[in-house]
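Given next are the chains, with one letter for each unit.
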Amino acid sequence: MDFSTVRWEEVGKASIETLQILGVSGLFTVILGLPLGVLLFMTARSASIKSRAVYTILSLIVNILRSVPFIILIVALIPFTRILVGTATGVLGVIPPLVISAAPYFARLVENTLREVDRGVIEAAQAMGASTGQIVRRVLLPEALPGLLAGITITIVTLVSYTAMAGMVGGGGLGTLAINYGYFRYQNEIMIISVVSMIILVQILQMAGDRLVTFFTRK
């Protein structure tokens, strides 16, 4: 293999695109998935028939979205993506399907994390007259913060693999680079560089997430 022929500017551009995709899609995944997970948790433990019905509907939608393979979802959402952002390829084109796929996944992680919060703390807040919003903001989320950070880390690492699959439909980033050069043009050097870059990225993200979890757990 001759790495001297590698177009490093293309590798750098693809790496930046991958970081852009992860940053934007990760942000919107948390923005949408966190309240959805809180809503799932609150409606699941409610005695109200209406709340239980809301939980059943939301849970069904989340399960459906989580069960669809991402490569199929991204193709199925092409018309919607074009309406939403004007294109179905490149950095912009891959963000909507990434968010739609990852937000339900993250919501389930949030729901499961909140279930681990000590019920005694919640009941104590209720006994002091705290409203539902105050319980969520001042009790649930602070108590579950380490677990939520762990869930965010897992979700973003998952998004890295999703960006690679998005390369099959011209999604941009290292995945597209690996497909266009490593697969179609048989340039194994590009394939190796893309894989190694993703491995390094995952390791950095995981280490950063683990440090944050450890820090807030100690606090």
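Just so you know, these numbers come straight off a predicted model, no measurement behind them.

Visitor: A description of the pattern of salt bridges should follow, citing residues and the corresponding values.
Guide: Applying the stated criterion to the full structure yields two salt bridges. Between glutamate 111 and arginine 108 there is a salt bridge, and its shortest N-O distance comes to 2.7 Å. Note that glutamate 111 and arginine 108 are positioned in helix α5 (residues 90-115) at a spacing of three residues, about one turn of the helix. Note on accessibility: glutamate 111 and arginine 108 belong to one class, buried. Where glutamate 111 meets arginine 115, a salt bridge forms, and the shortest distance between an N and an O atom there is 2.7 Å. One end of the pair is glutamate 111 and the other is arginine 115, both in helix α5 and four residues apart, which spans about a single turn. According to the relative accessible area criterion, glutamate 111 is buried, its value standing at 1%. Overlapping salt bridges, with partners in common, bring together Arg108, Glu111 and Arg115 in one network.

Visitor: Before we move on, can you summarise the environment of isoleucine 122 with the specific residues and values?
Guide: Along the polypeptide, isoleucine 122 turns up in helix α6 (residues 119-127). A C-alpha to C-alpha distance of 7.0 Å links isoleucine 122 and isoleucine 135, two positions 13 residues apart in sequence. Contacts of isoleucine 122, omitting those with residues within four sequence positions, involve Phe41, Arg45, Val117, Ile135, Val139 and Leu140.

Visitor: Got a sec to walk through the packing of α5 against helix α8 (residues 145-166)? Specific residues and values, please.
Guide: Look at α5 against α8: their axes get within 10 Å of each other, and the N-to-C directions meet at 150°. As far as their axial angle goes, α8 and α5 are roughly antiparallel. By crossing handedness, the relation of α5 to α8 is classed as right-handed. Residues Val94, Leu98, Ser101, Ala102, Tyr105, Phe106, Leu109, Val110 and Thr113 of α5 form the contact with α8, whose participating residues are Gly147, Leu148, Gly151, Ile152, Ile154, Thr155, Thr158, Leu159, Tyr162, Thr163 and Ala166.

Visitor: Break down a nonpolar patch on the surface for me, with residues and values.
Guide: A grouping of Val24, Leu27, Phe28, Ile31 and Leu32 is seen on the molecular surface, where their side chains present a nonpolar patch of about 440 Å² in accessible area. As for its placement among the helices and strands, isoleucine 31 is situated in helix α1 (residues 8-44).

Visitor: Could you give an account of α5, with specific residues and numbers?
Guide: Counted at 1.5 Å a residue, the expected span for α5 with its 26 residues is 38 Å, and the 38 Å between its end C-alpha atoms agrees. At alanine 102, α5 shows its maximal bend, which comes to roughly 25°, and the proline proline 104 appears one to four places after that position.

Visitor: So, the nonpolar core: which residues are in play, and what are the values?
Guide: In this structure, Phe70, Val94, Leu98, Leu159 and Leu177 are the most contacted members of the largest nonpolar core, which totals 22 residues. Going through the elements one at a time, α1, α3 (70-76), α5, α8, α9 (173-183) and α10 (188-218) are the ones with two or more residues in this core. In terms of residue count, α5 provides more of this core than any other element does, five residues in total. Those residues in contact with leucine 98, other than ones at most four positions away along the chain, are Ile21, Ser25, Phe70, Leu159, Tyr162 and Thr163. Membership of the second largest hydrophobic core comes to 15 residues, among which are Val38, Met42, Val117 and Val139.

Analysis parameters
Residues numbered from 1 in each chain as written. Predicted model: local features only at pLDDT ≥ 70, side-chain atom pairs only at ≥ 80, totals over all residues. Heavy atoms only, no water. Salt bridge = Lys/Arg side-chain N within 4 Å of Asp/Glu carboxyl O. Helix = DSSP H or I, 4+ residues; strand = E, 2+ residues; numbered from the N terminus. Buried < 20%, exposed > 50% of the residue type's maximum accessible area, 1.4 Å probe, protein only. Contact = heavy atoms within 4.5 Å. Axes fitted to C-alpha atoms, helices over the stretch in contact; angles between N-to-C directions. Parallel < 35°, antiparallel > 145°, perpendicular 65-115°, else oblique. Left-handed = near helix turned anticlockwise from the far one by under 90°. Patch = residues over 30% accessible without salt bridge, like charges linked within 9 Å, V, L, I, M, F, W, Y side chains within 5 Å. Areas by Shrake-Rupley, 256 points an atom, 1.4 Å probe, with all protein chains shown as cover. Expected span 1.5 Å × (residues − 1). Bend = angle between axes of the 7 residues up to and from the residue. Core = buried A, V, L, I, M, F, W, Y, C linked by side-chain atoms within 4.5 Å.

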